[in-house]
Amino acid sequence: MKLEHIGIAVKNLETANDLYALLLGEKHYKTETVESEQVNTSFFKTGSSKVELLEATGPESAIARHIEKRGEGIHHVAFEVKDIYAEMERLKKAGFRLLNEKPKRGADNKLVCFIHPKSANSVLVELCQQITE
Ligand code: ZN
């Protein structure tokens, strides 16, 4: 698995975009709203991986809850897989707790599945597979 991106929860995407552009020396290359997750996202290239900034668009968003509980900061790490269905099966058999039964559509044209932090040393792990269509 390749580290695809690190997701960072932010309160304000606009100011965080400016800060990360300054930090990384390069502007974000896209923004995207994922209605189903109630988030606005932006992406920065960092070598062969990315940084994903996430801002809540509603109080029910997982990002809003994360910020309420823990403040801003690293929200998840995402690993790219070739066959998300096979990986989910494999990890389920190995005893990992998956947060969704089926892959769902995430940002950046990906199928995603999350692994419960309790299964992964308190880290929320995202598996993602590029959608090719
Ligand atoms: Zn992500």
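We now turn to the structure provided with this report.

Parameters and conventions
Residues numbered from 1 in each chain as written. Predicted model: local features only at pLDDT ≥ 70, side-chain atom pairs only at ≥ 80, totals over all residues. Heavy atoms only, no water. Pairing = 2+ DSSP bridges. Helix = DSSP H or I, 4+ residues; strand = E, 2+ residues; numbered from the N terminus. Axes fitted to C-alpha atoms, helices over the stretch in contact; angles between N-to-C directions. Contact = heavy atoms within 4.5 Å. Core = buried A, V, L, I, M, F, W, Y, C linked by side-chain atoms within 4.5 Å. Buried < 20%, exposed > 50% of the residue type's maximum accessible area, 1.4 Å probe, protein only. Donors = N, O, S within 2.8 Å, 3.2 Å for Na, K, Ca; no water. Tetrahedral: all angles 85-135°; square planar, octahedral: opposite > 155°, others 65-115°. Phe/Tyr/Trp six-rings, centres within 6.5 Å; stacked < 30°, edge-to-face > 60°. Lys, Arg positive; Asp, Glu negative; His and termini not counted. Salt bridge = Lys/Arg side-chain N within 4 Å of Asp/Glu carboxyl O. Polar contact = N/O pair within 3.5 Å; in protein donor to acceptor, adjacent residues only side chain to side chain.

## Quick notes on the sheet that holds strand β8 (residues 125-130)
Line of reasoning, step 1. Taking strand neighbours across the sheet as the criterion, the eight strands line up as β2-β3-β4-β1-β5-β8-β7-β6 in an open arrangement whose pairing is mixed. Both outer strands of the open sheet, β2 (30-34) and β6 (104-106), are each paired with one neighbouring strand and no more. This sheet shows a mean twist of 35° between the axes of neighbouring strands, independent of strand direction.
Line of reasoning, step 2. One ladder, built from three bridges, connects β6 with strand β7 (residues 110-115); its direction is antiparallel. By the bridge assignment for β7, lysine 104 is matched with valine 112.
Line of reasoning, step 3. Sitting on the sheet, helix α2 (residues 62-70) touches β1 (2-9), β3 (39-46), β4 (49-56) and β5 (73-80), and the angle it makes with β5 is about 135°.

## Considerations on the nonpolar core
Line of reasoning, step 1. Core analysis: the biggest nonpolar cluster contains eleven residues, these being Val77, Val81, Ile84, Met88, Leu91, Leu98, Cys113, Ile115, Ala120, Val125 and Leu127.
Line of reasoning, step 2. Breaking this core down by element, the ones donating at least two residues are α3 (84-93), β7 and β8.
Line of reasoning, step 3. If you tally residues by element for this core, the top one is α3, at three residues.
Line of reasoning, step 4. Ignoring sequence-local partners within four residues, the contact set of leucine 127 consists of Met1, Phe79, Val81, Ile84, Glu87, Met88, Leu91, Leu111, Val112, Cys113 and Ile115.
Line of reasoning, step 5. Core analysis: the second largest hydrophobic core is formed by nine residues, Val10, Ala21, Val51 and Leu53 among them.

## Observations concerning the environment of isoleucine 84
Line of reasoning, step 1. Position of isoleucine 84 relative to the elements: it lies in helix α3.
Line of reasoning, step 2. Between the C-alpha atoms of isoleucine 84 and glutamine 130, which are 46 residues apart in sequence, the distance is 9.5 Å.

## Observations regarding the coordination of the zinc ion
Line of reasoning, step 1. The coordination sphere of the zinc ion, as far as protein atoms go, consists of His5 (NE2), Glu52 (OE), His76 (NE2) and Glu126 (OE), spread over 2.1 to 2.2 Å.
Line of reasoning, step 2. Of note is the zinc ion, whose four donor atoms meet at the metal with angles of 84 to 170° in an arrangement that counts as irregular.
Line of reasoning, step 3. Considered as a linear motif, the donors of the zinc ion on their single chain read H-x46-E-x23-H-x49-E. Within this pair, whereas glutamate 52 is found in strand β4, its partner glutamate 126 is found in strand β8, the two being separated by 74 residues in sequence.
Line of reasoning, step 4. Glutamate 126 gets classed as buried once you look at its relative accessible area, which sits at 5%.

## Some details on the packing of aromatic side chains
Line of reasoning, step 1. Across all of its chains, the model carries two aromatic pairs by this definition.
Line of reasoning, step 2. Judged by centre distance (6.1 Å) and plane angle (50°), the rings of tyrosine 20 and phenylalanine 44 are tilted. Of this pair, tyrosine 20 sits in helix α1 (residues 13-24) while phenylalanine 44 sits in strand β3; the two residues are 24 residues apart in sequence, bridging distant segments of the chain.
Line of reasoning, step 3. When the centroid spacing of 6.4 Å and the interplanar angle of 45° are considered together, the rings of tyrosine 29 and phenylalanine 43 count as tilted.

## Section: the side chain of glutamate 126
Line of reasoning, step 1. Although glutamate 126 lies buried, it forms no salt bridge, and the closest oppositely charged side chain, lysine 110, sits 7.4 Å away as judged by the N-O distance.
Line of reasoning, step 2. A distance of 3.3 Å separates the side chain of glutamate 126 from the side chain of histidine 5, its partner in a polar contact.
Line of reasoning, step 3. The contact partners of glutamate 126, leaving out residues within four places of it in the chain, are His5, Glu52, His76, Val77, Ala78, Phe79, Val112, Cys113 and Phe114.

These results come straight from atomic positions and should not be treated as a statement about function.
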